[in-house]
Amino acid sequence: MRLVIHPNYEKASRWAAGYIAEKINADKGTKPFILGLPTGSSPLLLYGEFIKMYKEGKLSFKNVRTFNMDEYIGLNADHPQSYHYFMMNALFNHVDIDRGSIHILDGMAQDLQKECSQYEEAIAAEGGIDLFLGGMGSDGHIAFNEPGSSLVSRTRVKTLTMETKAANARFFDGDITKVPGTALTVGVGTVMDAREVLIIVNGRSKARALRAVIEEGINHMWTLSCLQMHPKAIIVCDEDATEELKAGTVRYFKDIERENIKI
């Protein structure tokens, strides 16, 4: 697992966006690039960089097909806090992606189990995810795979913890009671099946979790620790997120990545 440390969130986001853009452009004209995407605050600047590159003619999404990580149960696609709505406003409305190439779980599906199994089938039909972009919760979770989730889990219905609901309450007028209690989410195993995983982590609030994920063992209470077993995983973070890492750990990763962090 690689850890790429940048001075701040802006530079980390710019580097991560450039890294993914290179992957997309390398596949141009050969086969569709299958990209897994997250929501939340972590990828916002990165999505802004995607839009900037598209407007400058440096990146096209015509050859990209996307699968989002999760969606709240009970929110329709037009709800301002649904992840459908988020993705359209944060990225898809501003680039040249074909609407038929966008895949987001349907939190209003009548048969939620069927929706989950069909999502896994759709990913498999595309030949799997080339690169899964993600963020990390302050408790070390990936997507909505809360602490204690199986590390071989697949797309499914998941009950959200109070910590996750409290973190997301800022999107619901600060009222935790308005945050849905359940969601559809890809599983840890779904993410691990991707040929490459890139996680963006920023801020002191993530420092404790990053220490557990990087320096401790694989543990289902810190679900992102699964990346220790992935053959091609990268965590891109800012300095603030490294506050609880050992000084030697930070020096090591800065040393081996020093030629790769130039922007």
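Before reading further, recall that the structure is shown in the block above.
Draft legend 1. Layout of the overall build of the protein chain. On a plain count of helices and strands, the protein chain comes out with eight helices and 10 strands. Its C-alpha atoms give the protein chain a radius of gyration of 17 Å, within 12% of the compact-globule value 18 Å for 263 residues. Expressed as lengths along the three principal axes of its C-alpha atoms, the size of the protein chain is roughly 50 × 45 × 35 Å. Long-range contacts, defined as pairs at least 24 residues apart, comprise 79% of the intrachain contacts of the protein chain with a sequence gap of at least 6. Of the charged side chains in the protein chain, 30 are positive and 34 negative, and the gap between their average positions amounts to 4 Å.

Draft legend 2. Quick look at the sheet that holds strand E8 (residues 182-185). Pairing within the open sheet is antiparallel, and its three strands lie in the order E4-E8-E7. Strand pairing shows two members of the sheet lacking a second neighbour, strand E4 (70-72) and strand E7 (156-159), which therefore form its edges. Neighbour to neighbour, the strand axes of the sheet diverge by 30° on average, direction disregarded. Examined bridge by bridge, E7 and E8 share four bridges and lie antiparallel to one another. Across the sheet, residue Thr-159 finds its bridge partner in E8, namely Thr-182.

Draft legend 3. Inspection of the state of the cysteines at higher detail. Throughout the structure, instances matching the rule amount to zero disulfides. A disulfide-free cysteine, Cys-116 has its sulfur positioned 18 Å from the sulfur of Cys-226, the nearest such atom. Looking at Cys-116, the relative accessible area reads 1%, which means it is buried. In this structure Cys-226 is not part of a disulfide, and its nearest cysteine sulfur, from Cys-237, lies 17 Å away. Taking the relative accessible area as the measure of exposure, Cys-226 reaches 5% and is therefore buried.

Draft legend 4. Up close: the pattern of salt bridges. Scanning the model with the defined rule gives 16 salt bridges in all. For the salt bridge of Asp-130 with Lys-31, the shortest nitrogen-to-oxygen distance reads 3.3 Å. Taken together, the residues Asp-130 in the loop between helix H4 (112-125) and strand E6 (131-134) and Lys-31 in the loop between helix H1 (9-26) and strand E2 (33-37) connect sequence positions 99 residues apart. Glu-56 is the salt-bridge partner of Lys-58, the closest N and O atoms lying 3.3 Å from each other. For Lys-58, a relative accessible area of 51% translates into the label exposed. One network of salt bridges, with partners in common, ties together Lys-23, Glu-196 and Lys-232.

Draft legend 5. Quick peek at the packing of helix H2 (residues 44-55) against helix H3 (residues 83-90). The geometry of H2 relative to H3 is characterised by a closest axis approach of 10 Å and an angle of 45° between their N-to-C directions. Here H2 is positioned oblique relative to H3, judged by the angle of their axes. Counting all contacts with H2, which are made through Leu-44, Tyr-47 and Ile-51, the residues of H3 involved are Phe-86, Met-87 and Ala-90. By residue class, the composition of the contact of H2 with H3 is six nonpolar, no polar and no charged.

Draft legend 6. Layout of the nonpolar core. If you look at the biggest cluster of nonpolar residues, it comprises 43 residues, and the most contacted ones within it are Ile-20, Tyr-47, Phe-50, Leu-91 and Leu-198. Residue assignment for this core shows that the elements contributing at least two residues are H1, E2, H2, H3, E6 and strand E10 (233-238). Of the residues forming this core, the biggest block, eight residues, is contributed by H1. Excluding anything up to four places from it in sequence, Phe-50 contacts Ala-17, Ile-20, Leu-59, Phe-61 and Leu-91.

Definitions and limits used
Residues numbered from 1 in each chain as written. Predicted model: local features only at pLDDT ≥ 70, side-chain atom pairs only at ≥ 80, totals over all residues. Heavy atoms only, no water. Helix = DSSP H or I, 4+ residues; strand = E, 2+ residues; numbered from the N terminus. Rg over C-alpha atoms; globule rule 2.2 N^0.38 Å. Contact = heavy atoms within 4.5 Å. Lys, Arg positive; Asp, Glu negative; His and termini not counted. Charge placed at Lys NZ, Arg CZ, Asp CG, Glu CD. Pairing = 2+ DSSP bridges. Axes fitted to C-alpha atoms, helices over the stretch in contact; angles between N-to-C directions. Disulfide = S-S within 2.5 Å. Buried < 20%, exposed > 50% of the residue type's maximum accessible area, 1.4 Å probe, protein only. Salt bridge = Lys/Arg side-chain N within 4 Å of Asp/Glu carboxyl O. Parallel < 35°, antiparallel > 145°, perpendicular 65-115°, else oblique. Nonpolar A, V, L, I, M, F, W, Y, C, P; charged D, E, K, R; others polar. Core = buried A, V, L, I, M, F, W, Y, C linked by side-chain atoms within 4.5 Å.

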